[in-house]
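Topology and contacts: notes
Chain by chain, the residues run as shown.
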Amino acid sequence: MATSMGRPWPPAEQLHHLQYCIHSNPSWHETVVLAFQHYIVMLGTTVLIANTLVTPMGGDAEDKARVIQTILFMSGINTLLQTLIGTRLPTVMGVSFAYVLPVLSIIRDYNDGQFPSEKQRFRHTMRTVQGSLIISSFVNIIIGYGQAWGNLIRIFSPIIVVPVVTLTSLGLFLRGFPLLANCVEIGLPMLILLIVSQQYLRHLLKRIQMILERYALLVCLALIWAFAAILTVSGAYNNVSVATKLSCRTDRSFLMSAAPWISIPYPFQWGTPIFRASHVFGMFGAAIVASAESTGVFFAASRLAGATAPPAHVVSRSVGLQGVGVLLEGIFGSISGNTASVENVGLLGLTRIGSRRVVQISTGFMIFFAIFGKFGAFFASIPLPIFAGVYCILLGIVAAVGISFIQFTDTNSMRNMYVIGVSLFLSLSIAQYFISNTTRAGYGPVRTAGGWFNDILNTIFASAPFVAIILATVLDNTLEARHAIDERGIPWWKPFQRRNGDSRNEEFYSFPLRVGEYIPTRFL
């Protein structure tokens, strides 16, 4: 057998070339610009979910502006809570698309002409969403602070983490090129320009290398946004379809004219919450799926922030805190529950800056633009295909981070290849089947007489990360598990999953100041 002359790369717990890790910080002026960049990245998903749900509810541009303001306000609060007393990783807590199907189910039930005006239908639907979010939040709170989710994480191995993290990103492929293709003349230039400037020009233009490396996203976005504005005012989209106008024009959102100058989201702003058992139960599945998505994002963020893999009790308490965030969102009148933002974790890899402080400062931008609506609406009018061009890069980085966990296992083991390969393919295939067979009204492949039962199953199996957790956990813990301890990477993995298993756990994940002394150990 021929002997390889190449140099093998040993496994590395920390990624190479990270410039700032979780507890190291750039200068203040750099921190502020990087924080604003995080705000811009999470804005695309925020606007996308508002566009998806507000109009079918019967809402107008003014309602959409208020919904976006509420989402931004709650994202700021939830992100700050997670970085302080949750995982403490640099993760932005944005909206979760797992809640779309249950919300569409609520919309269907109120779409029978029983309201005298669309405005009343919208407010009634929002009140029902509020009630469902409030009750479903206790699913996250119970499984999180009750350590049920932590017990699941304790039987994880790097073999399971690979498909879970990878599919947290790949499962969102519809936010990539399919969304970009809605207006290819601005989406594709954004994608190409970001790749060229951030990866190639920085090597040619040494004087501005650092600027391109860290802020290329903002520079490219500003240029393409200006290009889209020029196309709009020059009449390039005057004789195109309505769908093309909505995707390409910079003046079709009507958010600038509809948003108030100053508006502070407040509890029960849409009215008293409405509680209906069928809608509440239907949202339970979304709460579980959002927990699975966040889990994959947390493991990816730990790698890109230069931290150890989060221990089981840390992931569990973060899921519990995520439930508290959903409870607050229900009280304040958000349109969806929260989950850890995959795109913003990808931004950590793009800029190579995993600083916790940067993400904490970004919450200031979220809350500021949520209160001062006109300013927030200005940035929210960026066409979605431009965001899609950015997401093509950021989601790809997170997928690669998921694959990198395989280095801590025996990569030549056929048993490991089987578990990872089957979990990856089957999870993506099952999720795609459910997504492609779901109508615009929210009817999925499971169509029994029980609407809430349909919502739970259709939501769960449309999530590639959640299906991956089920498949990979079962396969990895039943296929020769006891005889493949070393192959699975358990000796490397186990110290990080115990509270005192590795000295660095305390360094990365302990509470600030002395907060932990006042919280019962079972909740930590």
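The sections below set out a description of the structure shown in this document. (Residues numbered from 1 in each chain as written. Predicted model: local features only at pLDDT ≥ 70, side-chain atom pairs only at ≥ 80, totals over all residues. Heavy atoms only, no water.)

As a further point, take the overall build of the protein. When helices and strands are counted, the protein shows 22 helices and 2 strands. For a compact globule of 524 residues, the expected C-alpha radius of gyration is about 24 Å, and the protein comes in at 23 Å, within 12% of that figure. With the C-alpha coordinates of the protein rotated into their principal frame, the extents come out at 75 × 60 × 50 Å. A buried classification covers 57% of the 524 residues belonging to the protein. For the protein, the distance from the average position of its 36 positive side-chain charges to the average position of its 24 negative side-chain charges is 3 Å. (Helix = DSSP H or I, 4+ residues; strand = E, 2+ residues; numbered from the N terminus. Rg over C-alpha atoms; globule rule 2.2 N^0.38 Å. Buried < 20%, exposed > 50% of the residue type's maximum accessible area, 1.4 Å probe, protein only. Lys, Arg positive; Asp, Glu negative; His and termini not counted. Charge placed at Lys NZ, Arg CZ, Asp CG, Glu CD.)

On to the state of the cysteines, then. By the definition in use, this model includes 1 disulfide. Between the sulfur atoms of C183 and its disulfide partner C248 the distance amounts to 2.0 Å. Between C183 and C248, the disulfide has an S-S torsion of 125° and is therefore right-handed. Taken as a pair, C183 in the loop between α7 (177-180) and α8 (184-204) and C248 in helix α10 (residues 242-248) lie far apart in primary sequence, 65 residues in all. (Disulfide = S-S within 2.5 Å.)

Now for the packing of helix α12 (residues 277-304) against helix α14 (residues 342-351). The interhelical angle for the contact between α12 and α14, taken along N-to-C directions, is 15°, at an axis separation of 9 Å. Comparing their axes, α14 and α12 come out roughly parallel. Judged by the sense of rotation from one axis to the other, the crossing of α12 with α14 is left-handed. Facing α12, whose interface residues are V297, A300, A301 and L304, α14 presents V342, V345, L348 and G349. By residue class, the composition of the contact of α12 with α14 is 7 nonpolar, 1 polar and no charged. (Axes fitted to C-alpha atoms, helices over the stretch in contact; angles between N-to-C directions. Parallel < 35°, antiparallel > 145°, perpendicular 65-115°, else oblique. Left-handed = near helix turned anticlockwise from the far one by under 90°. Contact = heavy atoms within 4.5 Å. Nonpolar A, V, L, I, M, F, W, Y, C, P; charged D, E, K, R; others polar.)

Turning to the pattern of salt bridges, a few remarks are in order. Scanning all chains against the criterion turns up 10 salt bridges. With a closest N to O distance of 2.5 Å, E30 and R214 form a salt bridge. You can see E30 sitting in helix α1 (residues 28-57) and its partner R214 sitting in helix α9 (residues 209-233), a full 184 residues away along the chain. What makes E30 buried here is its relative accessible area of 8%. A salt bridge links E213 to R352, with the shortest nitrogen-to-oxygen separation between them at 3.8 Å. With a gap of 139 residues between them, E213 in helix α9 and R352 in the loop between α14 and α15 (356-371) connect regions that are remote in the sequence. Given a relative accessible area of 24%, R352 falls into the partly exposed group. (Salt bridge = Lys/Arg side-chain N within 4 Å of Asp/Glu carboxyl O.)

Right, let's get into the nonpolar core. Counting 144 residues, the largest nonpolar core has Y39 and F299 as its most contacted members. With residues near it in sequence (within four places) discarded, F299 still touches I153, F156, V161, V165, A309, P310, F405 and W493. (Core = buried A, V, L, I, M, F, W, Y, C linked by side-chain atoms within 4.5 Å.)

Applying the stated criterion across every chain, the model contains 29 aromatic pairs. On the basis of an interplanar angle of 40° and a centroid distance of 5.9 Å, the ring pair of F73 and F332 is categorised as tilted. Pair noted here: F73 is in helix α2 (residues 61-85) and F332 is in helix α13 (residues 312-332), with a separation of 259 residues, a long-range link. Residues F368 and F375 carry aromatic rings whose centres are separated by 6.4 Å and whose planes lie at 35° to one another, so their mutual orientation is tilted. Residue class for F368 comes out partly exposed when judged on its relative accessible area of 38%. Since its relative accessible area comes to 41%, F375 is described here as partly exposed. Feature note: the residues F36, Y39, W225, W261, F365, F368, F369, F372, F375, F378 and F379 constitute an aromatic cluster, connected by ring pairs. (Phe/Tyr/Trp six-rings, centres within 6.5 Å; stacked < 30°, edge-to-face > 60°.)

Right, let's talk about the environment of D63 for a bit. Relative to the elements of secondary structure, D63 occurs in helix α2. You can call D63 buried: its relative accessible area is 2%. Residues D63 and A258, 195 residues apart in the sequence, show an inter-C-alpha distance of 8.3 Å.

Attention now moves to the side chain of S427. Within the element layout of this structure, S427 appears in helix α18 (residues 414-436). Among the polar contacts made by the side chain of S427, one reaches the main-chain amide nitrogen of A468 at a distance of 3.2 Å. Leave out the neighbours within four places in its chain, and S427 touches L167, V422, A464, V467, A468 and L471. (Polar contact = N/O pair within 3.5 Å; in protein donor to acceptor, adjacent residues only side chain to side chain.)

Moving on to the side chain of S291. Inspection of the secondary structure assignment puts S291 in helix α12. If we skip the residues at most four places from it in the chain, S291 touches N140, I143, W149, V319 and Q322.

With phi around 55°, F268 is a residue other than glycine that occupies positive phi space. Relative to the assigned elements, F268 resides in the loop between α11 (255-258) and α12. According to the relative accessible area criterion, F268 is partly exposed, its value standing at 38%. The phi dihedral of E480 is positive, around 50°, even though this residue is not glycine. Inspection of the secondary structure assignment puts E480 in the loop between α20 (464-478) and α21 (490-497). E480 sits in the exposed class, given a relative accessible area of 55%.

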